[in-house]
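A structural walkthrough
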Amino acid sequence: MVEDKVFAGCVKALKEGEELSREQWRVLLEGRTRERQDWLAREASAVRDRVYGKRVFIRGLIEFTNYCKNNCYYCGIRRGNSCVKRFRLTEEEIFSCCRMGYDLGFRTFVLQGGEDLYFTVDRLEKLVRGIKEEFPQCALTLSVGEMGREDYRRLREAGADRYLLRHETANRKHYARLHPPELSLGHRMECLMSLKELGFQTGAGFMVGSPGQTAENLIDDLLFLAEFQPEMVGIGPFIPHKDTPFGDKAEGDVRLTLYLLSLVRLLLPYVLLPATTALGTAANRGREAGICAGANVVMPNLSPKRARENYQLYDNKLFTGKEAAEGLEALKESLGALGYLVAVDRGDYCKSIESFKS
Ligand code: 5AD
């Protein structure tokens, strides 16, 4: 049993921005109790409030293709899943998602898709330019997987502001347990480096409770985040999808996910931290719980129904009600009841914010 004094010492070090050792991270992970978790959630919320206020940023998620050339063992839209009904939104459909989102108050659009060979850099570049031309005051986030540096450069030049590419796991062995041999952690990391160097606000992240994941693996993830200093971090529980090799594996632990959100908020006070769809799927009011643990972003879905229904990364993925943009009012209400206000600006990463004094 980790002693209170030892646990509190590690929390203090984390809050003061000290670089934590493996052993200190281990204390934080192994010393988790209900009381300590609740305490950390309050601490994390207080840090988030000091940086961003009681504001939750919304991102309009557009899932524009579920074609994917990759075959990740955990993912429902993996190439090898022949049960998936594949779809691609047309350019017109993508624009109409943005227009609808804009009218609802969204000022960030996230274009997310599988690694679809149809969407070449040329096509993506054109899309990015078009969206930025019509919505110059909006931020555009891409989440379309691994590419070469030159491709990323062109997309950045075209006007993309942010890029989400979860590292998935920072441990080489665990990476190999989750992915086929043609995918490597080394290349994933190279991509993340390029994105950052090119000036994207860059998002990393990982699943909690993916098959075979150990506490040591999570420590690797936290050490990686501390070193990489991403502007955004996506963390959600692993949820099995029946038509994947991991179909019969156990779901990731929701409480542990919430705890990691709090740790990441304390580690990276300025980070843009979504309460993910997976969290909202795995638990009733999961996204609200995520906000209370220190998250400050939600990403309602702007995609048309046909896309939402078929963009199933895992079983029972939310695609109606509060998850979708139609549920924005309900979301505002349930966050409002917790004391949070949905922000209407772009919600950029802001490291220089004045109000934060630790
Ligand atoms: N459960 C939870 N999250 C998943 N993702 C992919 N498949 C699953 C799953 N079965 C996550 C990955 C990916 C992001 C888009 O969704 O971390 O980066």
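Everything numeric in this text was worked out from a predicted model, so none of it was measured. (Residues numbered from 1 in each chain as written. Predicted model: local features only at pLDDT ≥ 70, side-chain atom pairs only at ≥ 80, totals over all residues. Heavy atoms only, no water.)

Attention shifts here to the overall build of the chain. Secondary structure assignment for the chain yields 14 helices and 9 strands. Relative to the globule expectation of 21 Å for 358 residues, the C-alpha radius of gyration of the chain, 19 Å, shows essentially globular dimensions. In terms of its C-alpha atoms, the chain occupies a principal-axis envelope of roughly 60 × 45 × 40 Å. When the accessible area of the chain is evaluated, it comes to approximately 14,700 Å², of which 52% is carbon and sulfur surface. (Helix = DSSP H or I, 4+ residues; strand = E, 2+ residues; numbered from the N terminus. Rg over C-alpha atoms; globule rule 2.2 N^0.38 Å. Areas by Shrake-Rupley, 256 points an atom, 1.4 Å probe, with all protein chains shown as cover.)

What follows concerns helix 9 (residues 215-228). Its 14 residues give helix 9 an end-to-end C-alpha distance of 20 Å, which sits within 8% of 20 Å, the value for a rise of 1.5 Å per residue. Buried residues of helix 9: N217, L218, I219, D220, D221, L222, F224, L225 and F228, and no others. Downstream of helix 9 by one or two residues, Q229 has phi in the positive range, about 55°. (Expected span 1.5 Å × (residues − 1). Buried < 20%, exposed > 50% of the residue type's maximum accessible area, 1.4 Å probe, protein only.)

Another point: the sheet that holds strand 9 (residues 341-343). Here 3 strands make up an open sheet; going across it, the order is 8-1-9 and the pairing parallel. Each having just a single partner strand, strand 8 (297-298) and strand 9 make up the two edges of the open sheet. Examined bridge by bridge, strand 1 (residues 55-58) and strand 8 share 2 bridges and lie parallel to one another. Bridge assignment links I58 to a residue of strand 8, and that residue is V298. (Pairing = 2+ DSSP bridges.)

This brings us to the packing of helix 2 (residues 22-30) against helix 10 (residues 254-267). Interhelical geometry of helix 2 versus helix 10 gives an angle of 140° and a closest axis separation of 11 Å. Accordingly, the angle class assigned to the pair helix 2 and helix 10 is oblique. Relative to helix 10, helix 2 is oriented so that their crossing is right-handed. For the pair helix 2 and helix 10, the contacting residues are W25, L28 and L29 in the first and Y259, L260, L263 and L267 in the second. Residue classes in the contact of helix 2 with helix 10 are distributed as 7 nonpolar, no polar and no charged. (Axes fitted to C-alpha atoms, helices over the stretch in contact; angles between N-to-C directions. Parallel < 35°, antiparallel > 145°, perpendicular 65-115°, else oblique. Left-handed = near helix turned anticlockwise from the far one by under 90°. Contact = heavy atoms within 4.5 Å. Nonpolar A, V, L, I, M, F, W, Y, C, P; charged D, E, K, R; others polar.)

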